[in-house]
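What follows is the residue order along each chain.
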Amino acid sequence: MLSKRAESLKPSPTLAISAKEKALKAQGLDIAGFGAGEPDFDTPSHIKDEAIKAIKENFTRYTPVGGIDPLKDAVIEKFKRDNGLEYKRDEILISCGGKHALYNLFQAIFQEGDEVIIPAPYWVSYPPMVELAGAKPVIIDTKEEEDYQITAEMLKKYINSRTKGIILNYPSNPVGSIFYRENLEEIGKLAVTHDFYIVSDEIYEKITYDDYIHVSIASLDPEFKKRTIICHGVSKTYAMTGWRIGFTAGPAAIVKAMNNIQSQSTSNPTSISQMASIAALTGPQDSIAVMVGEFKKRRDFLVSELKSIPGVSCYLPKGAFYVFPNFNAFLGKRLNGKEIKDSSTLTEILLEDYHTAVVPGVEFGKEGYLRLSFATSMDVIKKGVERIKKAAASVV
Ligand SMILES: *Cc1c(COP(=O)(O)O)cnc(C)c1O
């Protein structure tokens, strides 16, 4: 008999779609894959060299559970340099990826009876991770036509004595939306007044476009910083998804609790990856601009192509590497004799009949939308978009 916890848990739908995409490719099918949630770039050489050096020098044993001091110092330096935020070593934790940091954080601060506010569209893992901690996700819908903002007025309707936290992800996965500074101020003030935590997932901080400059909510007011826990990592910024290094910055008592959870579960993140991550955070940063420049070209092409489809609208992402086009106009219609009931059936038809892999919006709490990653080559994007256009033209 499985535990109740395990029985009700679904695997991550984005990872499941990536796996399906890979399986179909392995069968020899020419799949245009928009499922990927990771940069298609190689980890920069100077980072890889540091890992090789660590292996050769036998830096291959357990490290302190919460990471080695030189990496914590590199993270401290990053927050000072990029965000004007001051942290001490006991306010920093290194984990096995940003996802692990979030998981440990939720285990440390949420429990039965707590409510956690999550703006939708949300990253797929937030609600199940909140539930695994015993707490209840409370979803606030945000709208494309309102630039996916949350205002104080909207938020107030969801706050009560059980509210223990809010999860903010900016730039966001799946939309690439951000929160305006004035709205971050309002959210911060409500967190102070009603005494709840702000979980700030800033993993896409460095992947931004046009004139958007990322501002962490923690940097807006010392009172906000006291109740904000920033979850971050090297996966997206340095094309290091497989290395599994994430980091947290927040109040020492919370970091200590997370460290204890880590010490009874994973122990330290990989020693070799920690050395590589020091090189990533303190070494040359020019690979980021190269990657972001390439992403921007793809974003501009993909958004303009999608918007050219009659009935489709699409938010222009300010960051991250996803677009989230609105296909609501197609729901209830038919394609190749099949009814497009919802975003999941549209996704199935696109994969089976058009060999194009996307993720249904419903997985992110937004029906009628699709998520397409542009962390894939321009060739794949061109091919895939042609197929989507062909599908759209056949909808009756
Ligand atoms: C990718 C991602 C993460 C964490 O990724 P890791 O590889 O575990 O560091 C966290 N939050 C969001 C929104 C992401 O897209």
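Note that the structure is a prediction, hence the values are computed from the model and not measured.

What counts, and at which threshold
- Residues numbered from 1 in each chain as written.
- Predicted model: local features only at pLDDT ≥ 70, side-chain atom pairs only at ≥ 80, totals over all residues.
- Heavy atoms only, no water.
- Domains from an automatic or database assignment.
- Contact = heavy atoms within 4.5 Å.
- Buried area = accessible area lost by both parts, 1.4 Å probe.
- Salt bridge = Lys/Arg side-chain N within 4 Å of Asp/Glu carboxyl O.
- Polar contact = N/O pair within 3.5 Å; in protein donor to acceptor, adjacent residues only side chain to side chain.
- Helix = DSSP H or I, 4+ residues; strand = E, 2+ residues; numbered from the N terminus.
- Nonpolar A, V, L, I, M, F, W, Y, C, P; charged D, E, K, R; others polar.
- Buried < 20%, exposed > 50% of the residue type's maximum accessible area, 1.4 Å probe, protein only.
- Pairing = 2+ DSSP bridges.

A word on the domain arrangement of the protein
Here's step 1: Domain boundaries assigned for the protein yield domain 1 (4-42 + 287-393) and domain 2 (60-282).
Here's step 2: Measuring from the centre of the C-alpha atoms in domain 1 to the corresponding centre in domain 2 gives 26 Å.
Here's step 3: Of the residues lining the interface, 37 residues belong to domain 1; the matching set on domain 2 comes to 34 residues.
Here's step 4: Looking at the side of domain 1 facing domain 2, the largest losses of area belong to Tyr-315, Lys-318 and Phe-364, adding up to 24% of the total buried there.
Here's step 5: Taken together, domain 1 and domain 2 are joined by four salt bridges.
Here's step 6: Here Arg-299 makes a salt bridge to Asp-210, at a shortest N to O gap of 3.0 Å.
Here's step 7: Linking domain 1 to domain 2 there are 16 residue pairs in polar contact (both at pLDDT 80 or more).
Here's step 8: Secondary structure elements with two or more residues in the side of domain 1 that touches domain 2: helix H2 (13-26), helix H12 (286-307) and strand E9 (322-323).
Here's step 9: If one sorts the elements of the side of domain 1 that touches domain 2 by residue count, H12 sits on top with six residues.
Here's step 10: Classifying every residue of the side of domain 1 that touches domain 2 by side-chain character gives 21 nonpolar, seven polar and nine charged.

Quick notes on the pairing of strand E7 (residues 228-233)
Here's step 1: Judged by how many residues are buried, E7 sits mostly within the fold: six of six residues are covered.
Here's step 2: In E7, alternate side chains face the same way, and those of Thr-228, Ile-230 and His-232 on one face and Ile-229, Cys-231 and Gly-233 on the other are all buried.
Here's step 3: Relative to E7, strand E6 (residues 197-201) is paired through four bridges, and the arrangement is parallel. Bridging across to E7, Ser-200 finds its partner in Ile-230.
Here's step 4: Where E7 and strand E8 (residues 246-249) come together, four bridges link them in antiparallel fashion. Of the residues in E8, the one forming a bridge with Cys-231 is Thr-248.

Here we look at unusual backbone geometry
Here's step 1: A cis geometry characterises the amide bond from Ala-120 onward to Pro-121, with omega recorded as 0°.
Here's step 2: For Pro-121, the position within the fold is in the loop between strand E3 (115-120) and helix H6 (126-132).
Here's step 3: Cis geometry is found at the peptide bond from Asn-173 to Pro-174, where omega equals 25°.
Here's step 4: Positive phi, close to 60°, is recorded for Ser-267, a residue that is not glycine.
Here's step 5: Within the element layout of this structure, Ser-267 appears in the loop between helix H10 (252-263) and helix H11 (271-282).
Here's step 6: Among the residues examined, Ser-267 registers a relative accessible area of 26% and is labelled partly exposed.

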